Amino acid sequence: MSNNNFFSEKSTARFNFGVYRNATSKKAGSNMLTIETRPAEGQQYSVGTTTVGMTIKEAQVLRSFLNDTLDTYTADA
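Residues numbered from 1 in each chain as written. Predicted model: local features only at pLDDT ≥ 70, side-chain atom pairs only at ≥ 80, totals over all residues. Heavy atoms only, no water.

**Q** Before we go on, may I ask you to explain the overall build of the protein chain in this structure?
**A** On a plain count of helices and strands, the protein chain comes out with one helix and four strands. Of the regular secondary structure in the protein chain, the N- to C-terminal order runs β-β-β-β-α. Per-residue burial for the protein chain yields a buried fraction of 12% across its 77 residues. In the protein chain, of all internal contacts separated by at least 6 residues, the share reaching a separation of at least 24 is 14%. With an accessible surface of roughly 6500 Å², the protein chain has 54% of that area assigned to carbon and sulfur atoms. (Helix = DSSP H or I, 4+ residues; strand = E, 2+ residues; numbered from the N terminus. Buried < 20%, exposed > 50% of the residue type's maximum accessible area, 1.4 Å probe, protein only. Contact = heavy atoms within 4.5 Å. Areas by Shrake-Rupley, 256 points an atom, 1.4 Å probe, with all protein chains shown as cover.)

**Q** Would you explain a nonpolar patch on the surface in this entry?
**A** Taken together, the side chains of Phe65, Leu66 and Leu70 make up a nonpolar region of the molecular surface, amounting to roughly 290 Å² of accessible area. One can find Leu66 in helix α1 (residues 56-76). (Patch = residues over 30% accessible without salt bridge, like charges linked within 9 Å, V, L, I, M, F, W, Y side chains within 5 Å. Salt bridge = Lys/Arg side-chain N within 4 Å of Asp/Glu carboxyl O.)

**Q** I keep staring at the sheet that holds strand β2 (residues 15-22) and nothing clicks. Help me out?
**A** For sheets, the rule is that strands pair by backbone hydrogen bonds, running either parallel or antiparallel. Read across the sheet, four strands follow the order β1-β2-β3-β4 without closing on themselves; strand pairing throughout is antiparallel. Two strands bound the open sheet, and with one partner strand each, they are β1 (5-11) and β4 (51-55). Here the average twist between neighbouring strands, direction ignored, is 10°. Of the strand pairs in this sheet, β2 and strand β3 (residues 32-37) are connected by six bridges, and their pairing is antiparallel. Across the sheet, the residue bridging to Tyr20 is Met32, located in β3. (Pairing = 2+ DSSP bridges. Axes fitted to C-alpha atoms, helices over the stretch in contact; angles between N-to-C directions.)

**Q** It is not clear to me how the pairing of β3 should be interpreted in this structure. Could you clarify?
**A** The side chains of a regular strand alternate, residue by residue, between the two faces of the sheet. As paired strands, β3 and β4 are joined by five bridges and run antiparallel to one another. Across the sheet, Glu36 pairs through a bridge with Thr51, a residue of β4.

**Q** I'm lost on the environment of Thr49 in this one. Help?
**A** Within the secondary structure layout, Thr49 lies in the loop between β3 and β4. In this structure Thr49 comes out as partly exposed when scored by relative accessible area, which is 33%. A C-alpha to C-alpha distance of 6.1 Å links Thr49 and Pro39, two positions 10 residues apart in sequence. Each residue touching Thr49, except ones within four places of it in the same chain, is listed here: Thr37, Arg38 and Pro39.

Take it as geometry only, folks, not as evidence of what the structure does.
Here is the structure:
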């Protein structure tokens with residue numbers, strides 16, 4: 001029996017990234033990318049954190065935009 005779920009997270013000092021996929025589910029929110037800001041180091045409270053969620057299709061558009069834009073920027077530098 002294969003598991004059709006995929007879950008991956010990556011964190012940096014400023015952001016948490018997450019990808020959640022369920023190949024068999026068609027429910028809204030089952031295939032998502034999230035980008036969450038992390039509180040600034042040394043702050044006592046987690047104030048001002050924000051989470052952006054998007055579908056995998058929207059994330060693919062974002063990826064294409066970033067690849068095109070960053071490749072152009074790198075080529076010009």
